[in-house]
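Chain by chain, the residues run as shown.
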Amino acid sequence: MATVEASDSDGKRQGVENSVTYYRLEEVAKRNSMKEIWLVIHGRVYDITRFLNEHPGGEEVLLEQAGADASESFEDVGHSSDAREMLKQYYIGDVHPNDLKPDSGSKDPSKDAPCKRKNYTLKRTVLMS
Ligand code: HEM
């Protein structure tokens, strides 16, 4: 696996807080099935395999973004702060610095296809704003 432990250069872990695992985008791209599904949101990598069945927006939209940068579609939906809080439990590391786009991957229209699910409602956004 092409990962780099930030605090692991001498082979020893120096404490959990300082340890970041970096993933290359090609590594993330392989995790694109129901068996294992990773997403990138704002430069962070999430293993959402066990969240698939629990996602209130359904598993289909997550599978559409599997292995890719879902920053734009995640924002397009207008997810609540609860949803953002949930992200933390699926966080596994950061995108490798060499693969980061200047804007952390949130605005590249060629890569970030907007969520393709038709007619999802934004009622939560409206209610909450
Ligand atoms: C791991 C990342 C994600 C988490 C933790 C998450 C979490 C949630 C949660 C908690 C909700 C309920 C509404 C809210 O609280 O905002 C929701 C709804 C929804 N999510 Fe996600 N979501 C994630 C990724 C995505 C992605 C990548 C898409 C792509 C389009 C998506 C599409 C939706 C849709 C369509 C709804 C339903 C909105 C509605 O009908 O009100 N989600 N999500």
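Here the structure is a predicted model, which is why all the values come from computation and not from measurement. Every chain begins its residue count from 1, and numbering advances along the sequence as written. Totals for whole chains, interfaces and linings use all residues, but because this is a predicted model, local features are given only for residues with pLDDT of at least 70 and pairs of side-chain atoms are given and counted only at 80 or more. As a rule here, side-chain values come from all non-hydrogen atoms in the structure, and water together with hydrogens is ignored.

J.: Can you walk me through the coordination of the iron atom of the ligand in this structure?
T.: In a perfect tetrahedron of four donors around a metal, the angles come out at 109.5 degrees. In a perfect octahedron of six, they are 90 or 180 degrees. Around the iron atom of the ligand, the donor atoms from the protein are His55 (NE2) and His79 (NE2), and they sit 2.0 Å away. In this structure, the iron atom of the ligand is surrounded by 6 donor atoms whose angles at the metal cover 88 to 179°, and the resulting shape is octahedral. Taken together, the residues span a long stretch of sequence, with histidine 55 in the loop between strand 4 (44-47) and helix 2 (59-64) and histidine 79 in the loop between helix 3 (71-76) and helix 4 (81-87) at a distance of 24 residues. Burial classification: accessible surface area is computed with a 1.4 Å probe over protein chains only, and a residue below 20% of its type maximum counts as buried, one above 50% as exposed, and the rest as partly exposed. Of the residues examined, histidine 55 reaches a relative accessible area of 14% and is grouped as buried. Donor selection uses N, O and S atoms within 2.8 Å of the metal (3.2 Å for Na, K and Ca). Since no water is included, sites may look incomplete. Irregular is the label for any site that misses the other tests, which are tetrahedral for four donors with all angles between 85 and 135 degrees, and square planar for four donors or octahedral for six when opposite donors exceed 155 degrees and the remaining angles lie between 65 and 115. Going along the chain from the N terminus, every DSSP run of H or I of four or more residues is numbered as a helix, and every run of E of two or more is numbered as a strand.

J.: Would you mind going over the nonpolar core with me for this structure?
T.: The nonpolar side chains of a soluble globular protein tend to be buried with one another. For the purposes of this section, nonpolar cores are sets of buried Ala, Val, Leu, Ile, Met, Phe, Trp, Tyr and Cys residues that join through side-chain atoms within 4.5 Å. Formed by 14 residues in total, the largest nonpolar core has its most connected members in Ile37, Ile41, Tyr46, Ile48 and Leu62. Breaking this core down by element, the ones donating at least two residues are strand 3 (38-41) and helix 2. In this description, contact between two residues means that some pair of their heavy atoms is separated by no more than 4.5 Å. Look past the residues within four positions of isoleucine 48 in its chain and what remains in contact with it is Ile37, Leu39, Leu62 and Tyr90. Trp38, Val40, Val45 and Val95 belong to the second largest nonpolar core, which has 6 residues in total.

J.: Before we go on, may I ask you to explain unusual backbone geometry in this structure?
T.: Excluding glycine, residues mostly have negative phi values, and the peptide bonds linking residues are mostly trans. Here the phi dihedral of histidine 42 falls at roughly 50°; this positive angle occurs in a residue that is not glycine. With respect to the helices and strands, histidine 42 occurs in the loop between strand 3 and strand 4. Note on histidine 42: relative accessible area 34%, which makes it partly exposed.

J.: When you look at the pattern of salt bridges in this model, what are you seeing that I'm missing?
T.: Opposite charge on two side chains makes pairing possible when the charged atoms of those side chains draw close. We count a salt bridge whenever a side-chain nitrogen from Lys or Arg sits within 4 Å of a carboxyl oxygen from Asp or Glu. The full count for this structure, using the stated rule, is 6 salt bridges. Note that glutamate 27 and arginine 31 form a salt bridge whose closest N and O atoms lie 3.0 Å from each other. The same class applies to glutamate 27 and to arginine 31, which are both buried. A salt bridge links arginine 31 to glutamate 36; the nearest nitrogen and oxygen atoms lie 3.3 Å apart. Owing to a relative accessible area of 32%, glutamate 36 belongs among the partly exposed residues under this scheme.

J.: Whenever I open this one, the packing of aromatic side chains confuses me. Can you help?
T.: For any pair of aromatic rings, the description consists of the separation of the ring centres together with the inter-plane angle of the planes. Stacked, tilted and edge-to-face are the three classes assigned to paired rings of Phe, Tyr and Trp, where Trp is represented by its six-membered ring and a pair needs centres within 6.5 Å; plane angles under 30 degrees give stacked, over 60 edge-to-face, the rest tilted. Enumeration over the complete set of coordinates arrives at 3 aromatic pairs. With a centroid separation of 6.1 Å and an interplanar angle of 65°, the aromatic rings of tyrosine 46 and tyrosine 91 are classed as edge-to-face. Highlighted residues: tyrosine 46 in strand 4 and tyrosine 91 in strand 5 (residues 91-95), separated in sequence by 45 residues. Given the relative accessible area of 6%, tyrosine 46 is considered buried. The class for tyrosine 91 is partly exposed, based on a relative accessible area of 29%. When the centroid spacing of 5.1 Å and the interplanar angle of 40° are considered together, the rings of phenylalanine 51 and tyrosine 90 count as tilted. With phenylalanine 51 in the loop between strand 4 and helix 2 and tyrosine 90 in the loop between helix 4 and strand 5, the pair connects residues that are 39 residues apart, well separated along the chain.

J.: How do you make sense of the UniProt feature "domain: Cytochrome b5 heme-binding" (unreviewed entry) in the protein chain when you look at a structure like this?
T.: UniProt positions are given in the numbering used here, feature names are shortened, and annotations may be inferred rather than shown by experiment. Residues annotated by UniProt as "domain: Cytochrome b5 heme-binding" (unreviewed entry) correspond here to residues 20-96. Across residues 20-96, helical content stands at 31% and strand content at 21%; the span's end C-alpha atoms are separated by 10 Å.

J.: Mind showing me how you'd approach the environment of leucine 87 here?
T.: By secondary structure assignment, the location of leucine 87 is in helix 4. The buried category is assigned to leucine 87, whose relative accessible area is 14%. In contact with leucine 87, not counting residues within four places along its chain, are Ile41, Tyr46 and Phe74.

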